[in-house]
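Single-letter residue listing:
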Amino acid sequence: MSRPLTVFVTGAGGLVGAEVVTRLLGAGHRVIGLVHHQTDLVRNNGRPVKGGDLRLVKGDVTRPGLGIPALGEKLDRIVHCAAVTDFGRPDEVYRSINLNGTANVIAFAATAGEVPLVHVSTAYVCGEREGVVTEDELDVGQRSGNLYEESKLRAELLVRKAAADGLPVVVVRPSIVTGDARTGAIRDFKNLYVVLKMITEGKVRSLPGHFDASLDLVPVDYVADVIADATQRFAEADGQTLHAVGTRLRLRDVSDTLAEFPSFQVPNYIAPATFDANRLPDLEKAYYQRVVSLYEGYFRRRVQFDDHAAAAFTGRRRPAGGRAYLRKLLDHAVKAGYLGSALPTIPQALAALQRETR
Amino acid sequence: MKDVKTEAYAVIAAMAPEPAVLTDDTDLRTGLHYDSVRLIELTIALERHFEMAALNLDDAVTVTSVGDVVALVDRALSNRSGTP
């Protein structure tokens, strides 16, 4: 190995961040992890990140200078993982963390001596585009699917502007980050998992979408591998955007896979043009409007992410996806008690209250 | 009608993934194992139980304890009674 690097990782406590830190420590580098409140880092498999040359610093990307005192050491790389990735948060949350947070990280990199920056974006900066999306495309006038995607698009534009002004930059764009490629395990059930929960429990039975729409699911370990590669071999990737994506899965395949689980409900897809949320039963409408509608783009988009640059740079094989991978994810979620659990429904809980008060 | 706090406590307890003794300081996530979906379900259950209009989700995002929920319901109910 060449000389060890000193790498500053934002969002070090996050799902992707902790896995990136693990890889960098494993390769013998020194890591300074920026955390918001965590005192320990936990890997995706639930085990603590330990061993290696790790220093954690409490700070906040929304504050100028990231809210940290002078580090007193020279940085070789910055990896910007910190972001809010939940959907349905107020716009100011996305602005403050995803957009201003990125602006603050860029300023921090510049002040620290134009430190090479690996920026973690999302493949879904493509918004509502259809067809093949290449790594060198960014703002082509697309409409964003939600406020999260909008904030990540604008953050990536800031990074590109900084690159044009001379900051060395590599952008890594994961698609929908899901469980480990081999075990299906995931530390946090968020995002797509929330939709799967609503659907499989039959809380939302009808979705506006197309059977041939596709989801791109990528294992968290592969995403961390690509980011760690870009960090360590930065010069070879300098200026590039790398799609860290998986294999696309059509909704038809999702339904067929869900149907293999006896306890799961399988959704009906209704052509978006004729779908009307107001015609759903009351409770389903509430679930639809508050949760599932945020993810509507997932059921409609027919998009495919080209990853020629990533493949050429990493030399890694794109992770095998398809139904076998989805089955692993579902198996893990059931085993962990996230899916298929038997919590009382809202009507059941309220009815029990009525009985108690009578 | 019993007081709002007692009723809100009962709804929170009935919906809780892990039952526990409730106080105003009980944390919904760490104390009662509410996750993001179950929190949304809790807001729907509260709306139905108290026959309120939709609770403001922007407020709901900052709700972390049982006491926060009671305050949120209290505010929503007083807004309602203030409307002609």
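Residues numbered from 1 in each chain as written. Chains lettered and ligands numbered in written order. Predicted model: local features only at pLDDT ≥ 70, side-chain atom pairs only at ≥ 80, totals over all residues.

**Brief notes about the overall build of chain B**
Thinking step 1. When its secondary structure is counted, chain B shows five helices and zero strands.
Thinking step 2. Reading chain B from its N end, one meets helices and strands in the order α-α-α-α-α.
Thinking step 3. Counting every position in chain B, which comprises 84 residues, the buried fraction comes to 31%.
Thinking step 4. Restricting to contacts in chain B with at least 6 residues of sequence separation, those with at least 24 account for 56%. (Helix = DSSP H or I, 4+ residues; strand = E, 2+ residues; numbered from the N terminus. Buried ≥ 20, exposed ≤ 12 C-beta atoms within 10 Å, placed from the backbone. Contact = placed C-beta atoms within 7 Å.)

**Structural notes on the overall build of chain A**
Thinking step 1. For chain A, the helix and strand inventory stands at twelve helices and 14 strands.
Thinking step 2. What you see for chain A is a C-alpha radius of gyration of 21 Å, in line with the 21 Å of a compact globule of 358 residues.
Thinking step 3. Principal axes of the C-alpha set define a box for chain A whose edges measure 65 × 50 × 35 Å.
Thinking step 4. Within chain A, contacts between residues at least 6 apart in sequence are counted, and of these 80% link residues at least 24 apart. (Rg over C-alpha atoms; globule rule 2.2 N^0.38 Å.)

**As for the interface of chain A and chain B**
Thinking step 1. If you look at the interface, chain A gives 13 residues, while chain B gives 15 residues.
Thinking step 2. Residue assignment for the side of chain A that touches chain B shows that the elements contributing at least two residues are α4 (192-200), α8 (282-290) and α12 (346-357) of chain A.
Thinking step 3. Among the residues forming the side of chain A that touches chain B, the class breakdown is ten nonpolar, no polar and three charged. (Nonpolar A, V, L, I, M, F, W, Y, C, P; charged D, E, K, R; others polar.)

**A few points about the sheet that holds strand β5 (residues 117-120) of chain A**
Residues and elements named next belong to chain A.
Thinking step 1. The strand order β3-β2-β1-β4-β5-β7-β11 describes an open sheet built from seven strands, whose pairing is parallel. Two strands close off the open sheet at either side, each with one partner strand: β3 (53-58) and β11 (241-244). The average undirected angle you get between the axes of adjacent strands in this sheet is 20 degrees.
Thinking step 2. Of the pairings in the sheet, the one linking strand β1 (residues 6-10) to strand β2 (residues 30-35) comprises four bridges and is parallel in character. Note that in β2 the partner of Phe8 across the bridge is Ile32.
Thinking step 3. Against the sheet, helix α3 (residues 147-164) makes contact with β5 and β7 (169-174), and its axis sits at roughly 160 degrees relative to β7, the strand it touches most. (Pairing = 2+ DSSP bridges. Axes fitted to C-alpha atoms, helices over the stretch in contact; angles between N-to-C directions.)

**A word on the nonpolar core**
Thinking step 1. Counting residues in each nonpolar core, the largest one holds 101 residues, and the members touching the most others are Val9, Val20, Val21, Val172, Val223 and Ile227 of chain A.
Thinking step 2. The element that contributes the greatest number of residues to this core is helix α5 (residues 220-232) of chain A, accounting for eight residues.
Thinking step 3. Sequence-distant contacts of Val172 of chain A, defined by excluding residues within four places in its chain, comprise Val118, Val120, Ser121, Val226, Ile227, Ala230, Leu242 and Ala244 of chain A.
Thinking step 4. Residues Ala8, Leu32, Ala45 and Ala76 of chain B belong to the second largest nonpolar core, which totals 23 residues. (Core = buried A, V, L, I, M, F, W, Y, C linked by C-beta atoms within 7 Å.)

**So, the sheet that holds strand β10 (residues 214-219) of chain A**
Residues and elements named next belong to chain A.
Thinking step 1. The sheet built from three strands is open, its strands ordered β8-β10-β12 with mixed pairing. Whereas interior strands pair on both sides, the edge strands pair on one side only; in this sheet they are β8 (176-178) and β12 (247-250). Ignoring which end each strand starts from, the neighbouring axes of this sheet average 45 degrees apart.
Thinking step 2. Pairing geometry for β10 and β12, over four bridges, is antiparallel.

**A closer look at α5 of chain A**
Residues and elements named next belong to chain A.
Thinking step 1. Helix length check: α5, at 13 residues, gives a terminal C-alpha distance of 18 Å against a target of 18 Å (1.5 Å per residue), a fit within 8%.
Thinking step 2. α5 sits mainly inside the fold: eleven of its 13 residues count as buried.
Thinking step 3. All buried positions along α5 are accounted for by Val220, Asp221, Tyr222, Val223, Ala224, Val226, Ile227, Ala228, Asp229, Ala230 and Thr231. (Expected span 1.5 Å × (residues − 1).)

**Some remarks on the pairing of β2 of chain A**
All names here are of chain A.
Thinking step 1. Burial runs high along β2: five of the six residues are buried.
Thinking step 2. Where the polypeptide runs from β1 across helix α1 (residues 15-26) and back to β2, its parallel neighbour, the crossover connection is right-handed.
Thinking step 3. Relative to β3, β2 is paired through six bridges, and the arrangement is parallel. Across the sheet, residue Val35 finds its bridge partner in β3, namely Lys58. (Right-handed = clockwise from strand over helix to strand, strands pointing away.)

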